[in-house]
Amino acid sequence: MKKRAHILPVLFVIAAVLLIMYLDSNYRLVTEEYEIESERFPKALSGLRAVHLTDMHNTEYGEDNSRFLAEVRAAEPDIICITGDIIDGIEANREAEEAYVRRVITGLCEIAPVYYVSGNHDWASGWARQLFDVIRECGGTVLRNQYVVIGEGEESFVLAGCDDPNGPRDMKTPAEVMDRIREREGDKYVLMLYHRHDRLDMWAETGVDAVLCGHAHGGMIRLPFTDGLYAPGQVFFPKYTSGLYEKGGTVELVSRGVGGPKYRFLNNPEIVVATFEHG
């Protein structure tokens, strides 16, 4: 009986610590900074800061997302890149989701130019094209297998975005998008926005310089020496779930995401800041 009495306080402490870690992992938004360096990046634009947001899933931090917007503003971005799943895509919540998107995009556009590509949940919502119109109405740029050029002349780079595979069957493939970019823009540095994290081989084959993506939610549960235990809708022990990866001269930066299911562990939601340097 005495032995059990000694064990109970220990179990209580362990449970309390695990609860604190769980709450921290799911509700404390952090900002993570990365540097991406390349001799191909325009020297005149060296130091450009891109805030990368993904997998927001209607998540709010503070009233009307005030804390979230304050953290993005504090990062002092030159551009803001959203790589899909801004909403959960639940039909019954469409009115609330549209209001959420309007608040978020309007707030972000007051900080820096916003560029968006679609995610699987955005398409699964059933109102993806109306969602794109809302983003445009609020000042954002929707890249649907399209690109823009940032900078002037030789001191410029291509910012491109490809739709999630959940999009139309007859849309251009990433390879076709890259062929068009090379045909029109030559050998400019290409920064690609894409939702899914598991296509590094594809991007390396097409010759993209850098990719910003998400979708894996950081692997949900992260333990020492793992790359996350589970990617939603995919596999256990997935690859490329958080941080920088490189293959064949292509750099992929994967964000753990801003929101998503509330069963993260040692895997805080994050705002990613990528600084692009010539060198």
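The structure this text deals with has already been given above.
Note that the structure is predicted; figures quoted are calculated from it, not measured.

Asks: Tell me about the environment of Thr 226, and name the residues and values.
Replies: Locating Thr 226 in the fold gives a position in the loop between β9 (210-214) and β10 (243-247). Taking the C-alpha atoms as reference, Thr 226 lies 7.5 Å from Phe 237; in sequence the two are 11 residues apart. In terms of polar contacts, Thr 226 uses its side chain to reach the backbone amide nitrogen of Gly 228, at 3.3 Å.

Asks: Can you break down helix α5 (residues 128-137) residue by residue, with the values?
Replies: Those residues of α5 lying buried are Ala 128, Leu 131, Phe 132, Val 134 and Ile 135. Looking down the long axis of α5, one finds its buried residues gathered within 160 degrees of arc, a one-sided arrangement. For α5, the elements touching its buried residues are α3 (94-109), β4 (114-117), α4 (120-124) and β5 (141-142). Just downstream of α5, Gly 139 is the residue with a positive phi angle, here 105 degrees.

Asks: Explain the sheet that holds strand β7 (residues 155-161) to me, and be specific about the residues and the numbers.
Replies: The mixed open sheet is built from 6 strands, whose spatial order is β6-β7-β8-β9-β11-β10. Two strands lie at the open edges of the sheet, namely β6 (146-152) and β10, each paired on one side alone. Here the average twist between neighbouring strands, direction ignored, is 20 degrees. In this structure, β6 lies alongside β7, joined through 7 bridges in antiparallel fashion. The residue bridging Gln 146 from the neighbouring strand is Gly 161, located in β7. Packed onto the sheet, helix α6 (residues 174-185) meets β6, β7 and β8 (190-196) and runs at close to 35 degrees relative to β6.

Asks: Can you tell me about the state of the cysteines, naming the residues and giving the values?
Replies: According to the stated counting rule, one finds 0 disulfides in the structure shown. In this structure Cys 81 is not part of a disulfide, and its nearest cysteine sulfur, from Cys 213, lies 12 Å away. Note on Cys 81: relative accessible area 0%, which makes it buried.

Asks: Break down a nonpolar patch on the surface for me, citing the residues and quoting the values.
Replies: Residues Ile 7, Leu 8, Val 10, Leu 11, Ile 14 and Leu 18 make up a contiguous nonpolar surface patch of about 530 Å² in total accessible area. Relative to the elements of secondary structure, Ile 14 occurs in helix α1 (residues 2-27). In this structure Ile 14 comes out as partly exposed when scored by relative accessible area, which is 44%.

Asks: Give me the lowdown on the packing of aromatic side chains, citing residues and values where you can.
Replies: In total, this model carries 9 aromatic pairs according to the counting rule given. Residues Tyr 194 and Trp 203 carry aromatic rings whose centres are separated by 5.1 Å and whose planes lie at 80 degrees to one another, so their mutual orientation is edge-to-face. Between the aromatic rings of Tyr 240 and Tyr 245, the centroid separation amounts to 5.1 Å while the plane-to-plane angle is 70 degrees, which identifies the pairing as edge-to-face. Taking the relative accessible area as the measure of exposure, Tyr 245 reaches 17% and is therefore buried. What links up through ring pairs into an aromatic cluster is the set Phe 41, Phe 157, Tyr 189 and Phe 276.

Asks: Could you give an account of the nonpolar core, with specific residues and numbers?
Replies: Core analysis: the biggest nonpolar cluster contains 34 residues, and Leu 53, Phe 68, Ile 80 and Leu 108 have the highest contact counts within it. Mapped onto this core, the elements with two or more residues apiece are β2 (48-53), α2 (66-74), β3 (79-83), α3, β4, α5 and β12 (270-278). With residues up to four places along the chain from it excluded, the contact list for Leu 108 reads Leu 53, Phe 68, Leu 69, Val 72, Ile 80, Ile 82 and Val 114. The next biggest cluster of nonpolar side chains, apart from the first, holds 23 residues, and it includes Ile 36, Tyr 115, Ile 150 and Phe 276.

Asks: Tell me about the sheet that holds β12, residues and numbers included.
Replies: Sheets are built from strands paired through backbone hydrogen bonds, the pairs being either parallel or antiparallel. Taking strand neighbours across the sheet as the criterion, the 6 strands line up as β1-β12-β2-β3-β4-β5 in an open arrangement whose pairing is mixed. Every other strand in the sheet has two partners, leaving β1 (30-38) and β5 as the edge strands with one partner each. By the bridge criterion, 4 bridges tie β2 to β3 in an arrangement that is parallel. Counterpart to Ala 50 in the pairing with β3 is Ile 79.

Asks: Tell me what's going on with the packing of α2 against α3, and back it up with residues and numbers.
Replies: Where α2 meets α3, the closest approach of the two axes is 10 Å, and the angle between their N-to-C directions is 25 degrees. Overall, the two elements α2 and α3 adopt an arrangement that is roughly parallel. The way α2 lies across α3 gives a crossing that is right-handed. Contacts from Phe 68, Leu 69 and Val 72 of α2 reach α3 at Val 104, Gly 107 and Leu 108. For the contact of α2 with α3, the class distribution of residues is 5 nonpolar, 1 polar and no charged.

Analysis parameters
- Residues numbered from 1 in each chain as written.
- Predicted model: local features only at pLDDT ≥ 70, side-chain atom pairs only at ≥ 80, totals over all residues.
- Heavy atoms only, no water.
- Helix = DSSP H or I, 4+ residues; strand = E, 2+ residues; numbered from the N terminus.
- Polar contact = N/O pair within 3.5 Å; in protein donor to acceptor, adjacent residues only side chain to side chain.
- Buried < 20%, exposed > 50% of the residue type's maximum accessible area, 1.4 Å probe, protein only.
- Arc of directions from axis to C-beta.
- Contact = heavy atoms within 4.5 Å.
- Pairing = 2+ DSSP bridges.
- Axes fitted to C-alpha atoms, helices over the stretch in contact; angles between N-to-C directions.
- Disulfide = S-S within 2.5 Å.
- Patch = residues over 30% accessible without salt bridge, like charges linked within 9 Å, V, L, I, M, F, W, Y side chains within 5 Å.
- Areas by Shrake-Rupley, 256 points an atom, 1.4 Å probe, with all protein chains shown as cover.
- Salt bridge = Lys/Arg side-chain N within 4 Å of Asp/Glu carboxyl O.
- Phe/Tyr/Trp six-rings, centres within 6.5 Å; stacked < 30°, edge-to-face > 60°.
- Core = buried A, V, L, I, M, F, W, Y, C linked by side-chain atoms within 4.5 Å.
- Parallel < 35°, antiparallel > 145°, perpendicular 65-115°, else oblique.
- Left-handed = near helix turned anticlockwise from the far one by under 90°.
- Nonpolar A, V, L, I, M, F, W, Y, C, P; charged D, E, K, R; others polar.

That's the geometry; what it means functionally is another story.
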